[in-house]
Amino acid sequence: MATDGQNPQTDGYIKGELLHTIFRNEHENFSISKIKVLDTNEDYTNKDIVIKGYFSDLQETAVYNFYGSLERHAKFGLQYKVTSYQTFVPDTKEGLIAYLSSDMFHGIGKKTAEKIVDTLGENAISKILNDSNVLSEVPGLKKEKAKLLADTLKENQGFEHIAVYLSKYGIGLKMAQKIYKEYKDEAISVLQEDPYQYVFDIDGFGFQTADEIARSNGLSLTHPSRIGAGCIYVLQKNIQDGHVFLPIETCARQVAYLLVHPELKLTNDMVVNRLEALNKEKDVILADGNVYLPSLYYAEDGFASNLKRLISKPVEHETPTAELMKIIGDIEEEEILSYGKEQFEAIEQALRSKLMILTGGPGTGKTTVVKGILNAYAEIHDLSSDPGEYDSASDYPFILTAPTGRAAKRLKESTGLPAVTIHRLLGWDGQSGFEKNEHEQLTGKYLIVDEFSMVDIWLANSLFKAIPDDMQVLLVGDEDQLPSVGPGQVLADLLASEHIPYISLQDVYRQKEGSKIIELAHMIKQDAVDQRALQNDKDFSFIHCSTHQVIEAVTMVIERAGTKGVDLKNIQVMAPMYRSEAGITMINQHLQTLINPPSSSKREIQTTDAVFRVGDKVLQLVNQPEDNIYNGDIGEVVAIFEEDENVDNIEQLVVDFEGKEVVYERKDYVNITHAYCISIHKSQGSEFPIVILPIVSAYNRMLKKNLLYTAITRSKKSLIICGQQHAFLRGVQTLDSNKRFTSLKKQLHERLDAIEESEQPIGEEEEMTPYDFM
Ligand SMILES: Nc1ncnc2c1ncn2[C@@H]1O[C@H](COP(=O)(O)OP(=O)(O)OP(=O)(O)O)[C@@H](O)[C@H]1O
């Protein structure tokens, strides 16, 4: 219950009247407001102060007790960072009457307020909060008014009460919001009965916090919920390594390790028993000796089912071989090229298949084939591939999409056709769902998904749900690149299943134009790199340097490029890891000073670990589909506004992502970092004219074949490796031994084996292709 006293769990408080709210993010319940200081035990003497934190709803003119700490903002001086708060409820009769008859409670005038206080006494508020039926004792108070009063009180005080309670366990307001959203008034009783329930229900709630609360509540170390929460936590953690499931034994071992305690002897059997109980409750799914979180099990299951649904349907229009050959031949004439054998097969196969995969390293002609497929499809179906000839975008029969903004942009540039991100295509609703799904599917005839190796099982499932039965699909990717950041390895599993037709383009066309970069990429693929392969060429240099010379070497290359008139925007430095004296963080610091030094004419702001300055090159670290920017997008800081310079009255940093301006507030700064040097993982799906790639033994544990392959294939015109040849050669020979646990391949076999056996046409000439007749 709210009181006028200091929260015993925190050191400081400020009692204040809310003057006005400067900024509010409804989605996160984050706000910044100005208050009039009425009382405080903090070392603060001014009349008012800006407070910031996660509040459910603060009312102007209402009085609150804010608990938290003073924080000095670089530009705006002292602010109060609130960790919990409560509406100040007076405890004198007069104060209470004034409070209940205030604007906060509609329909309660002074007289009614007096009656309430006379009947229920000076602790009327806590009585109502405990049991709103007490209001029936108030003479003449109508039921509806009583209900409205009780509801308003609950709404205003429910969250605060819970937030104060949670703060004593170090749970901040942001997490408290999530908890309140899930349990409402039950939040405290859930925590008291079983804090581990939070691990199950609240995204991001750590096992250790639940464990500490449970210890202080005296819950036993072998409490079933403790082991259960341990299981959920372990499974959630493993998603970060890309696993879709864990073998039960592996999970049991990891859980036993997590729950280790001198007074506890936890056997694997105890964990397995618990997993079985969780399975009954559908909190986990046990299948074939493996354990899954339900969202992943159903994503794999849903994806496999939709894939089966799709490929079980026939292709709408089967074109006779001779006609198809003529159409492809005509396209060759138009494009003035002659498709290679594999390329020809790829076009033919793609037109005949409901779903096909096209893979191939750089310069093998994937884009050339995609264009061939689209043109041939248009010809067969008597359609135009020119979007300008359709009344609306939804009438256009071709859909081109990719998982990131940069990859979609590249696809658009290389094909000359509209292309969007998968999130945009499906209509991300800004929260957790897509507008396009099994109920409202995509419209169009032919779908091309580029950079499919980056698509995780969740996104693959969402995409395939939305594909209608009559659509044909081409998945394009490079199987030698890094797998998706999210769980699964969808492209690799589809290829390994051997159920989906695929063509892997091997012949390199761009190499014929004399590209050492492409030659090196293909040598990596074929495990054929040796020291000779690293000799300098016109588009490739290897600058020898040690770990502590990396920054000097990178700086030298950039300075030289600058003096030769190269636009520095065309250069991208990328490295495998953030830490180390040659890591991304250090390189960024040096390059910022080199490329965009401080100047009195450029505004800058200091964040916890960096300075952002107008002109800085920055990298987006998370997907922000609502702004149409994605993890890996690169932009430039174009403006910094101070609090009093914009209508929102808040400091803002504006980043231009190739023509799209996105405004960041201080709480969003964690979503960007400097991009003078970016991680190889973040470079996936992007290409740059010139890549500078430091590779030294200090990165050893990161240096794997697929990482280095991904890195070097990002460069279009020129690649400069700075470092140690032995580190590079060792890296390209090291396979990524971190096998991802996924069961998509098996799911596909279960569903598709039966279809294939029953549908194999008699006497099919497997080896024969139209190309053989040419
Ligand atoms: N059959 C062919 N005959 C002649 N040139 C070709 C042929 N196929 C592709 N090319 C040329 O090879 C180059 C690379 O082709 P394309 O861009 O289609 O490959 P890609 O696999 O998409 O490459 P990347 O993955 O590097 O973007 C282009 O200049 C293209 O015109």
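The name an unreviewed UniProt entry assigns to the protein is ATP-dependent RecD2 DNA helicase, from the organism Lentibacillus amyloliquefaciens. One UniProt comment on the protein, placed under Catalytic activity (unreviewed entry), says "ATP + H2O = ADP + phosphate + H(+)". Quoted verbatim from the Function (unreviewed entry) heading of the UniProt record, the comment on the protein is "DNA-dependent ATPase and ATP-dependent 5'-3' DNA helicase. Has no activity on blunt DNA or DNA with 3'-overhangs, requires at least 10 bases of 5'-ssDNA for helicase activity."

Helix and strand content of the protein: 26 helices and 26 strands. Dimensions of the protein along its principal axes, counting C-alpha atoms only, are 100 × 65 × 65 Å. Counting across all 774 residues of the protein, residues that qualify as buried make up 42%. Taking the intrachain contacts of the protein between residues at least 6 apart in sequence as the baseline, contacts between residues at least 24 apart amount to 67%.

Looking at the assigned domains, one finds that the protein contains domain 1 (13-178), domain 2 (203-292), domain 3 (305-505) and domain 4 (516-733). The C-alpha centroid of domain 3 is placed 41 Å from the C-alpha centroid of domain 2. Domain 2 puts four residues into the contact, and the matching count from domain 3 is five residues. Split by residue class, the side of domain 2 that touches domain 3 holds two nonpolar, two polar and no charged.

On the UniProt side, "domain: UvrD-like helicase C-terminal" (unreviewed entry) is annotated at positions that read residues 674-721 here. Along residues 674-721 the backbone is 25% helical and 40% strand, and the end-to-end C-alpha distance reaches 21 Å.

Moving on, we get to the site of the ligand. Around the ligand lies a shell of 15 residues, among which Pro362, Gly365, Thr367, Thr368 and Tyr509 are the nearest. It is helix α15 (residues 366-380) that contributes the most residues to the shell around the ligand, three residues altogether. Partitioned by chemical class, the residues of the shell around the ligand number four nonpolar, nine polar and two charged.

A few words now on the pairing of strand β20 (residues 634-641). With three bridges connecting them, strand β19 (residues 617-620) and β20 associate as antiparallel partners. Within the sheet, the bridge partner assigned to Val618 lies in β20 and is Gly635. Summarising the sheet, β20 and strand β21 (residues 652-657) pair through five bridges and their orientation is antiparallel. The residue bridging Glu636 from the neighbouring strand is Asp656, located in β21.

One open sheet holds the six strands; their spatial order is β11-β10-β12-β13-β9-β14, and the pairing between them is parallel. Only two strands of the sheet have a single neighbouring strand rather than two, namely β11 (420-421) and β14 (502-505). The pairing of strand β9 (residues 355-360) with strand β13 (residues 472-477) spans five bridges and is classified as parallel. Looking at the pairing, Leu355 lines up with Val473 of β13.

Moving on: the packing of helix α14 (residues 341-352) against α15. When two helices pack together, their arrangement is given by the angle between the helix axes and by the axis-to-axis distance. At a minimum axis separation of 9 Å, α14 and α15 run at an interaxial angle of 45 degrees. When the interaxial angle is binned, α14 and α15 end up oblique. Crossing hand, α14 versus α15: right-handed. Counted together, Gln343, Ala346, Ile347, Ala350 and Leu351 of α14 and Thr368, Val369, Gly372, Ile373, Ala376, Tyr377 and Ile380 of α15 form the full contact between these two elements. Across the contact of α14 with α15, the residue classes break down as nine nonpolar, three polar and no charged.

Spatial strand order, β15-β26-β25-β16-β24: five strands in an open sheet with parallel pairing. Whereas interior strands pair on both sides, the edge strands pair on one side only; in this sheet they are β15 (540-544) and β24 (677-679). For this sheet the average axis-to-axis angle between neighbouring strands, irrespective of direction, equals 25 degrees. Contacts from helix α22 (residues 584-595) reach β16 (571-575) and β24, with the element oriented near 160 degrees to β24.

Bringing helix α2 (residues 110-120) into the picture now. For α2, every residue scored as buried is listed here: Thr112, Ala113, Ile116 and Val117. On an axial view of α2, the arc spanned by its buried residues comes to 135 degrees, and they lie on one face. Across from the buried face of α2, at angles greater than 90 degrees, the exposed residues are Lys110 and Lys111. Contacts made by the buried residues of α2 are with α1 (93-100) and α3 (124-130). Phi for Gly121, located one or two positions after α2, is positive at around 85 degrees.

What follows is about unusual backbone geometry. Positive phi is not limited to glycine here, since Lys282 has a value of about 65 degrees. Take Lys282: there are 9 C-beta atoms within 10 Å of it, and that puts it in the exposed class. Of note in the backbone geometry, Asp527 takes a positive phi value of approximately 55 degrees without being a glycine. Summarising the element assignment, Asp527 is placed in the loop between α20 (516-525) and β15.

This paragraph deals with the packing of α1 against α2. Packing of α1 against α2 brings their axes to within 8 Å, and their N-to-C directions diverge by 130 degrees. Taken as axis vectors, α1 and α2 run oblique relative to one another. At the point where α1 passes α2, the crossing takes the right-handed sense. Where α1 abuts α2, its residues Lys93, Leu96, Ile97 and Leu100 lie against Lys110, Ala113, Glu114, Ile116 and Val117.

The biggest cluster of nonpolar side chains holds 145 residues, and the ones touching the most others in it are Cys231, Cys251, Ile347 and Ile373. With eight residues, the top contributor of residues to this core is helix α4 (residues 143-167). Other than its neighbours up to four places away in sequence, Cys231 contacts Cys251, Val255, Val271, Arg274, Leu275, Leu278 and Val284. Within the second largest apolar cluster, 62 residues are counted, among which are Val618, Tyr630, Leu653 and Phe728.

This brings us to helix α25 (residues 725-732). What α25 keeps buried is the set Phe728, Gly731 and Val732. Buried residues of α25, seen end-on, are gathered within an arc of 90 degrees and therefore sit on one face of the element. Residues of α25 that are buried make contact with α20, β25 (688-695), α24 (705-712) and β26 (715-723).

It is worth spelling out the pairing of strand β22 (residues 660-665) at this point. As judged from the six bridges shared by β21 and β22, these two strands associate in the antiparallel manner. Opposite Phe657, over in β22, you have Lys660 as the bridge partner.

Below, the discussion takes up the environment of Ile285. With respect to the element layout, Ile285 can be found in strand β7 (residues 285-287). When the C-alpha atoms of Ile285 and Glu71 are compared, they prove to be 46 Å apart, with 214 residues separating the residues in sequence.

Close reading of the predicted structure is inappropriate where its pLDDT is low. Residue-level pLDDT values for the protein average 88, and 94% of them are 70 or greater. Mean pLDDT per element in the protein: helix α26 (residues 744-759) is the minimum at 80, and strand β12 (residues 446-449) is the maximum at 98. Note that residues 1-9 has pLDDT below 50 and, in this model, 19 contacts with residues that lie over four places away or in other chains.

What follows concerns the environment of Lys682. With respect to the helices and strands, the residue Lys682 is situated in helix α23 (residues 680-683). Judged by the 21 C-beta atoms lying within 10 Å of it, Lys682 falls in the buried class. Sequence separation between Lys682 and Gly632 is 50 residues; the distance between their C-alpha atoms is 5.0 Å. Residues contacting Lys682, with those up to four places away along its chain left out, are Leu619 and Gly632.

So, how was this worked out
Residues numbered from 1 in each chain as written. Predicted model: local features only at pLDDT ≥ 70, side-chain atom pairs only at ≥ 80, totals over all residues. UniProt positions renumbered as here; feature names shortened; annotations may be inferred. Helix = DSSP H or I, 4+ residues; strand = E, 2+ residues; numbered from the N terminus. Buried ≥ 20, exposed ≤ 12 C-beta atoms within 10 Å, placed from the backbone. Contact = placed C-beta atoms within 7 Å. Domains from an automatic or database assignment. Nonpolar A, V, L, I, M, F, W, Y, C, P; charged D, E, K, R; others polar. Near = placed C-beta within 6 Å. Pairing = 2+ DSSP bridges. Axes fitted to C-alpha atoms, helices over the stretch in contact; angles between N-to-C directions. Parallel < 35°, antiparallel > 145°, perpendicular 65-115°, else oblique. Left-handed = near helix turned anticlockwise from the far one by under 90°. Arc of directions from axis to C-beta. Core = buried A, V, L, I, M, F, W, Y, C linked by C-beta atoms within 7 Å. pLDDT = per-residue confidence, 0-100.

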